[in-house]
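Given next are the chains, with one letter for each unit.
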Amino acid sequence: MGMGNPLLDISAEVGQDMLDKYDLKLDSAILAEEKHLPIYKELLDNHSAGFIAGGATQNSIRVAQWMLKASGMENATAFMGCVGDDEYSKIIQDCASRDGVLVHYMKDTTTPTGTCAVLVKDGERSLCANLAAANNFQKSHLETDVSKAIYSSAQFYYIAGFFLTVSVESLVHIAEHALQENKTFCLNLSAPFIIDFFADAVATAIPYADFLFCNESEAEAYAKKHGLGEDLKEVALKVAALPKKNENRPRTVIFTQGSKSTIVAYNGIVTEYEVEPLAKEKLVDTNGAGDAFVGGFLSELVQGKPMEDCVKAGHWAAKYIIQQPGTTIDQPCTFKA
């Protein structure tokens, strides 16, 4: 089960002028400020933007379900988050449901569904999210009978760090359930701004994490903030050794590094897994690569597969997604472990 910010990605190829106009950088993710708000309409009006169901956690769960279906496990995933009661929420719900994910959205009738501007230039992406309704998720949604039935039946939980800006108490509610029932709780640090500006929320969440994901820029930001040094292998070991609430299993830390090897720290040992390179001409856009890696990884983890298989599935999923616009999974999954 995933819980996070369901967003509708509004994705378009742009020139450097659009990035400069809205003060956006490639390979970054930010929350929209007042100055960014016109960007969504401009992308639709002037840049032939496409709609793609988005939001980091929802992307990961969709990819996980897509890959699980190929292993004969249909209807094995669920997702919760908050949307508006509007056309955009219908597009997202239809997409996630079509992908086999059981979605149980909280509906906010007073706020529009969240959107994320995805500006793509030369295959790299810049994300600018206007959370809108996604920002209004309440713990009370988890207290409904339907929600309780969903999260009680789940064995694995995944929440991206973006949700830490929304409802830490909801994250703790799910994480505490996982702790009491000895289930697996997975967390992603998601973006440097989460680490820098929501440090208390991150500090609340990490002790619950059995699996902690992030990319190299997030790992560097965390290491810098906490004085852990610059050697990412050492940083991974130190993060794995941070205090942990569930002492039944050591924490596994996974650092992805784009086309460079993936670092995994577990039980005092670091392992690196090479990434099979993709020819530059096959790259469409990097949006969703990290989310897809987590989805692939989780699809093997929930089947009890070894770490090598989990990472292999993550690499395969990320490589597939960067050859599509956004997190598009409209073809059958062909992954073989």
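Presented here is an overview of the structure given in this document. Everything numeric here is computed off the predicted structure, so don't read it as measured data. (Residues numbered from 1 in each chain as written. Predicted model: local features only at pLDDT ≥ 70, side-chain atom pairs only at ≥ 80, totals over all residues. Heavy atoms only, no water.)

## Considerations on the pairing of strand 16 (residues 269-273)
Okay, step 1: In this sheet, strand 16 lies alongside strand 15 (residues 260-266) in antiparallel orientation, the contact comprising five bridges. Across the sheet, Ala265 pairs through a bridge with Val270, a residue of strand 16.
Okay, step 2: Counting the residues between successive antiparallel strands, the hairpin from strand 15 to strand 16 contains two residues, one of them, Asn267, with a positive phi of roughly 55°. (Pairing = 2+ DSSP bridges. Helix = DSSP H or I, 4+ residues; strand = E, 2+ residues; numbered from the N terminus.)

## What about the pattern of salt bridges?
Okay, step 1: One pass over the full model with this rule turns up 11 salt bridges.
Okay, step 2: Between Asp45 and Lys41 there is a salt bridge, and its shortest N-O distance comes to 2.5 Å. Here the residue Asp45 and the residue Lys41 both occupy positions in helix 2 (residues 39-46), the gap between them amounting to four residues, near one helical turn.
Okay, step 3: Residue Asp45 is classed as partly exposed on the basis of its relative accessible area, which comes to 48%. (Salt bridge = Lys/Arg side-chain N within 4 Å of Asp/Glu carboxyl O. Buried < 20%, exposed > 50% of the residue type's maximum accessible area, 1.4 Å probe, protein only.)

## A short note on unusual backbone geometry
Okay, step 1: With a phi close to 55°, Asp23 is a non-glycine residue in the positive phi region.
Okay, step 2: Mapped onto the elements, Asp23 comes out in the loop between helix 1 (16-21) and strand 3 (28-31).
Okay, step 3: Positive phi, normally seen in glycine, also occurs at Asn182, with a value near 55°.
Okay, step 4: Its location among the elements puts Asn182 in the loop between helix 6 (168-180) and strand 12 (184-188).

## Focus: the packing of helix 3 (residues 56-70) against helix 11 (residues 289-301)
Okay, step 1: Running from N to C, helix 3 and helix 11 point in directions that differ by 45°, and their axes come no closer than 7 Å. The orientation of helix 3 with respect to helix 11, classified from their angle, is oblique. The handedness of the crossing between helix 3 and helix 11 comes out as right-handed. On helix 11, the residues touching Ala56, Asn59, Ser60, Val63, Ala64, Met67 and Leu68 of helix 3 are Asp291, Ala292, Val294, Gly295, Gly296 and Ser299.
Okay, step 2: The residue inventory of the contact of helix 3 with helix 11, partitioned by class, reads seven nonpolar, five polar and one charged. (Axes fitted to C-alpha atoms, helices over the stretch in contact; angles between N-to-C directions. Parallel < 35°, antiparallel > 145°, perpendicular 65-115°, else oblique. Left-handed = near helix turned anticlockwise from the far one by under 90°. Contact = heavy atoms within 4.5 Å. Nonpolar A, V, L, I, M, F, W, Y, C, P; charged D, E, K, R; others polar.)

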